[in-house]
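Residue-level listing of the chains:
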Amino acid sequence: MTNGRICLLLCCGASTTNGALGLYTVNAVYGDTIIMPCRLEVPDGLMFGKWKYEMPNGSPVFIAFRSSTKKSVQYDDVPDYKDRLSLSENYTLSIKNARISDEKRFVCMLVTEDDVSEEPTIVKVFKQPSQPEILHQADFLETEKLKMLGECVARESYPEGNVTWYKNGKVLQPVEEVVVISLQKIVDKSTGLFTMTSSLQYMPTKEDANAKFACTVTYYGPSGQKTIQSEPVVFDVHYPTEKVTIQVLSQRSTIKEGDNITLKCSGNGNPPPQEFLFYIPGETEGIRSSDTYVMTDVRRNATGEYKCSLMDKSMMDSTTITVHYLDLQLTPSGEITKQIGEALPVSCTISSSRNATVFWIKDNIRMRKSPSFSSLQYQDAGNYICETTLQEVEGLQKSKTLKLIVEGKPQIKMTKKTNTNKMSKTIVCHVEGFPKPAVQWTVTGSGSIINKTEETKYVNGRFSSKIVIAPEENVTLTCIAENQLERTVTSLNVSAISIPEYDEPEDRNDDNREKVNDQAKLIVGIVVGLLLAALVAGVVYWLYVKKSKTASKHVDKDLGNIEENKKLEENNHKSEA
């Protein structure tokens, strides 16, 4: 062998030396170009160089010749290498489109007149298999059943590869009646390439429902051992139902009267059960249905325990449903007409599935307490609403309305006063009543109607009508108030403008009224005291006279009578005073 010869390492393959046999090896990739350098030092007097390969029986087959003198190249007529060979000036042999059949022992020969030198080279060809695929996949797997999961196929490999199955990234080892793996290798006679097919029979468990199955093929290439993995596959695992669950499908957490209830029954098997028996309160037999059962416009009597089971009644689940309700009874309600001063009992009664909140509203204003009418007044009239809600139940609210009308016949009170300028007098007709009375002023005697009047705002059944006059002589004014119930007439004497009048000031407030009342009480007390004093004096005098009669019987009877008459007259005058 020639020292210093360099081994070529090209993309098409690699060259190594077989240490045990002392043979130089070229590793080539299937379909690429095989490059085999002649590892002999070119001797002096070289005549030509040749390449040959050895048959399995050892006989040589010459394939290429190059003359050192003529610089010409000749290729032998070998069908397997037609148009595939190339021999360079340094006697490096190249073979295009490497095949499996190119795995041979090739020999480089350099010939001189005195000697023939030979150097063998071993060619190894490698072919990477295609990415493995899992074919003939099972539609589904079943627990407790050993079933063909699929076949892992890796094609066109050389040399043959080894197939391994994985579940969730872990190697699947054969287990009797649980994991059964068989491998088949087929060689294509025309190409010499291998196709590996590994079939997997598998008995799954419920936990394999989302397991990822994959396979790999391990093969040898020019640079060593490599592995290619298939795409993972997830199989539908069928397993029986072990538990039944019933649930209420609702957009709200609570249910009230008038709602719709949808019950859903489900089993944890795969595939899930499609039919169930639903047991409704008040029904002795189960109702056959799909996985849902719908009840519309439920009432409070739908409250109770609901159940569902498999068709064979082997498994069952239950849930309790409460249908909330709220009733409100207002007595009286609607439009009610009462007379002023009458009593009106009002009650708002609540019946509900839970504690309810009740409040009253009058004329859009929330009241602090419930209304109570022992003696109706005009200000009690209005629109009353009794409203109740269940705060824990969304949308459950009830209300009823009472429209209270308080009627009354017209009541009149007239007042008069001389204005501060002493040029006119103000006469006021204070009117109460509902419906609102119409007011008319007339002058008694002449019967003329006074049209120039002023009215205050009608509030709580009360208002005032006012006129301003400057009478030159005493007059009598009449105020007429009339509504649908009655016609009321009141008259008031008014002195001429020259005579001031302040007995009934219009703007007297409650404090002034109290002061007037106190003064009246004082006057009455003084008068009563004087009368009592006069009575006592009369009694004393009467006793005195009686005693005088007894002491003076000897006095002339006529004279006594005269004196007694005088005394009686004086006494009478005092009593009158």
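The model shown is predicted, which means the values in this text are computed figures rather than measured ones.

1. A short note on the overall build of the chain
Thinking step 1. Helices and strands together make up the secondary structure of the chain, namely 2 helices and 44 strands.
Thinking step 2. Within the chain, the proportion of its 577 residues that are buried is 37%.
Thinking step 3. A separation of at least 24 residues holds for 59% of the contacts in the chain among residues at least 6 apart in sequence.

2. Things to note about the sheet that holds strand β3 (residues 34-36)
Thinking step 1. What the 3 strands build is an open sheet, ordered β3-β8-β7; its pairing is antiparallel. The open sheet has two edge strands with one neighbour each: β3 and β7 (85-87). If you compare each strand with its neighbour and ignore which way they point, the axes differ by 15° on average.
Thinking step 2. Of the pairings in the sheet, the one linking β3 to strand β8 (residues 93-95) comprises 3 bridges and is antiparallel in character. Residue pairing in the sheet places M36 in a bridge with L93 of β8.

3. Examining the nonpolar core
Thinking step 1. Counting residues in hydrophobic clusters, the biggest one holds 53 residues, and the most contacted among them are I34, M36, W51, I63, L93 and F106.
Thinking step 2. By size, the runner-up hydrophobic cluster in this structure holds 18 residues, among which are V298, A302, I321 and V323.

4. Side note on the sheet that holds strand β44 (residues 487-494)
Thinking step 1. Read across the open sheet, the 4 strands follow the order β40-β39-β43-β44; overall the sheet is antiparallel. Each of the sheet's edge strands pairs with one partner strand only, and the pair in question is β40 (449-450) and β44.
Thinking step 2. Here strand β39 (residues 438-443) runs beside β40; their pairing, made up of 2 bridges, is antiparallel. Looking at the pairing, T442 lines up with I449 of β40.

5. Some words on the packing of aromatic side chains
Thinking step 1. If you walk through the whole model with that rule in mind, you get 10 aromatic pairs.
Thinking step 2. Ring geometry for Y53 against Y81: centres 5.7 Å apart, planes inclined by 50°, an arrangement best described as tilted. Residue Y53 is located in strand β4 (residues 46-54), and its partner Y81 is located in the loop between β6 (73-75) and β7; the two are separated by 28 residues in the primary sequence.
Thinking step 3. Classification of Y81 as buried rests on a relative accessible area of 3%.
Thinking step 4. A ring pair is formed by F278 and Y293, whose centres lie 5.7 Å apart and whose planes are at 25°; its orientation type is stacked. Of this pair, F278 sits in strand β25 (residues 276-279) while Y293 sits in strand β27 (residues 292-295); the two residues are 15 residues apart in sequence, bridging distant segments of the chain.
Thinking step 5. Judged by its relative accessible area of 0%, F278 falls in the buried class.
Thinking step 6. Three or more aromatic residues joined by ring pairs form one cluster here, namely Y53, Y81 and F106.
Thinking step 7. Between K147 and the ring centre of F140, over which it is positioned, the NZ or CZ distance is 3.9 Å.
Thinking step 8. The residue whose ring lies beneath R300 is Y325, and the NZ or CZ to ring-centre distance is 3.9 Å.

6. Digging into the pairing of strand β16 (residues 179-187)
Thinking step 1. Bridge count for β16 against strand β17 (residues 194-202) is 9 bridges, and the pairing is antiparallel. In the strand pairing of β17, V187 is matched with F194.
Thinking step 2. Adjacent in sequence and paired antiparallel, β16 and β17 are bridged by 6 residues, among which G192 carries a positive phi angle near 80°.

7. Here's the deal with the pattern of salt bridges
Thinking step 1. Per the counting criterion, the structure on display carries 26 salt bridges.
Thinking step 2. Taking the shortest distance from any N to any O, the salt bridge between R252 and E394 comes out at 3.9 Å. Taken together, the positions of R252 in the loop between β22 (244-249) and β23 (255-256) and E394 in the loop between β36 (382-389) and β37 (397-418) put the pair 142 residues apart, joining distant regions of the chain.
Thinking step 3. A relative accessible area of 54% places E394 in the exposed class.
Thinking step 4. Where K409 meets E486, a salt bridge forms, and the shortest distance between an N and an O atom there is 3.5 Å.

8. A word on the state of the cysteines
Structurally, a disulfide amounts to a covalent bond that connects the sulfur atoms of two cysteines.
Thinking step 1. Scanning the model with the defined rule gives 5 disulfides in all.
Thinking step 2. Note on cysteine connectivity: C348 is disulfide-linked to C386, with sulfurs 1.9 Å apart. Across the S-S bond of C348 and C386 the torsion is about -90°, and the bridge reads as left-handed. Pair noted here: C348 is in strand β33 (residues 347-352) and C386 is in strand β36, with a separation of 38 residues, a long-range link.

9. Here we look at a nonpolar patch on the surface
Thinking step 1. The grouping of L535, V539 and L543 at the surface amounts to a nonpolar patch, some 280 Å² of accessible area in total.
Thinking step 2. In this structure, V539 sits in helix α1 (residues 510-551).

10. Focus on the environment of Q329
Thinking step 1. Here Q329 lies in strand β31 (residues 326-331).
Thinking step 2. Distance from Q329 to T349, taken between C-alpha atoms, is 5.0 Å for residues 20 residues apart in sequence.
Thinking step 3. In contact with Q329, other than residues within four places in its own chain, are S347, C348, T349 and K400.

11. A short note on the pairing of β44
Strand residues, when the strand is regular, have side chains that alternate between the two faces of the sheet.
Thinking step 1. One ladder, built from 8 bridges, connects strand β43 (residues 475-482) with β44; its direction is antiparallel. When the bridges of β44 are listed, L477 appears paired with L492.
Thinking step 2. Joining the antiparallel neighbours β43 and β44 is a turn of 4 residues.

12. Some thoughts on the confidence of the model for the chain
Thinking step 1. When pLDDT is averaged along the chain, the result is 85, and 85% of the positions lie at 70 or above.
Thinking step 2. For residues 1-15, every residue scores under 50 in pLDDT, and the model assigns this stretch 35 contacts once sequence neighbours within four places are set aside.
Thinking step 3. A low-confidence stretch, residues 548-577 stays under pLDDT 50, and its non-local contacts, those more than four residues away or across chains, total 5 contacts.

13. A word on the environment of G192
Thinking step 1. Note that G192 resides in the loop between β16 and β17.
Thinking step 2. G192 sits 91 residues away from S101 along the chain, and the two C-alpha atoms are 7.6 Å apart.
Thinking step 3. The residues contacting G192, other than those within four sequence positions of it, are I100, Y158 and V187.

14. Here's the deal with the side chain of T388
Thinking step 1. Here T388 lies in strand β36.
Thinking step 2. The buried category is assigned to T388, whose relative accessible area is 0%.
Thinking step 3. Engagement of the side chain of T388 in a polar contact is seen with the backbone oxygen of T357, the distance being 3.0 Å.
Thinking step 4. Once residues within four sequence positions are removed from consideration, T388 is found in contact with L326, L328, I350, A356, T357, V358, L396, Q397 and K398.

About the thresholds
- Residues numbered from 1 in each chain as written.
- Predicted model: local features only at pLDDT ≥ 70, side-chain atom pairs only at ≥ 80, totals over all residues.
- Heavy atoms only, no water.
- Helix = DSSP H or I, 4+ residues; strand = E, 2+ residues; numbered from the N terminus.
- Buried < 20%, exposed > 50% of the residue type's maximum accessible area, 1.4 Å probe, protein only.
- Contact = heavy atoms within 4.5 Å.
- Pairing = 2+ DSSP bridges.
- Axes fitted to C-alpha atoms, helices over the stretch in contact; angles between N-to-C directions.
- Core = buried A, V, L, I, M, F, W, Y, C linked by side-chain atoms within 4.5 Å.
- Phe/Tyr/Trp six-rings, centres within 6.5 Å; stacked < 30°, edge-to-face > 60°.
- Lys NZ or Arg CZ within 6 Å of the ring centre and 35° of its normal.
- Salt bridge = Lys/Arg side-chain N within 4 Å of Asp/Glu carboxyl O.
- Disulfide = S-S within 2.5 Å.
- Patch = residues over 30% accessible without salt bridge, like charges linked within 9 Å, V, L, I, M, F, W, Y side chains within 5 Å.
- Areas by Shrake-Rupley, 256 points an atom, 1.4 Å probe, with all protein chains shown as cover.
- pLDDT = per-residue confidence, 0-100.
- Polar contact = N/O pair within 3.5 Å; in protein donor to acceptor, adjacent residues only side chain to side chain.

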